Amino acid sequence: MNAGFETALIGGLILFPDYMPQAAALIAPEDFAGHETRDMYEELQGLAAEGKPIDPLTVTAALVRRGVPEDVAQEDVAAAMTAAPLAHNLPS
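None of the values given here were measured: they were computed from a predicted structure.

Opposite charge on two side chains makes pairing possible when the charged atoms of those side chains draw close. A complete count under the given rule lists four salt bridges for this structure. For Glu42, the salt bridge is made with Arg66, and the minimal N-O distance between the two is 3.0 Å. Of this pair, Glu42 sits in helix α3 (residues 35-49) while Arg66 is found in the loop between α4 (56-65) and α5 (70-83), placing the two residues 24 residues apart along the sequence. Glu50 serves as the salt-bridge partner of Lys52, at 3.1 Å between the closest nitrogen and oxygen. Overall, Lys52 belongs to the partly exposed group, its relative accessible area being 43%. Through salt bridges with shared partners, a single ionic network connects Asp39, Glu42, Glu43 and Arg66.

Thresholds applied
- Residues numbered from 1 in each chain as written.
- Predicted model: local features only at pLDDT ≥ 70, side-chain atom pairs only at ≥ 80, totals over all residues.
- Heavy atoms only, no water.
- Salt bridge = Lys/Arg side-chain N within 4 Å of Asp/Glu carboxyl O.
- Helix = DSSP H or I, 4+ residues; strand = E, 2+ residues; numbered from the N terminus.
- Buried < 20%, exposed > 50% of the residue type's maximum accessible area, 1.4 Å probe, protein only.

Printed below as a string of structure tokens:
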């Protein structure tokens, strides 16, 4: 995948976490070229598997637990959400 698409996908899943099951069925972490977006996707999968909410705060906290500095995690999550497509552009 290209970096812009990866970032937009992550942002879309943070904003619209109900799409996580469809994404998980089609996309594996290994499909991500960028390690930052791969890490974020793995955290989204982990939150979903644990039944925890997916939102900016939980994703940021998960990245911090992974060792990402908090300010960097916040910036990455914000950038992903800014790049996200509108809901009507996501598959249903």
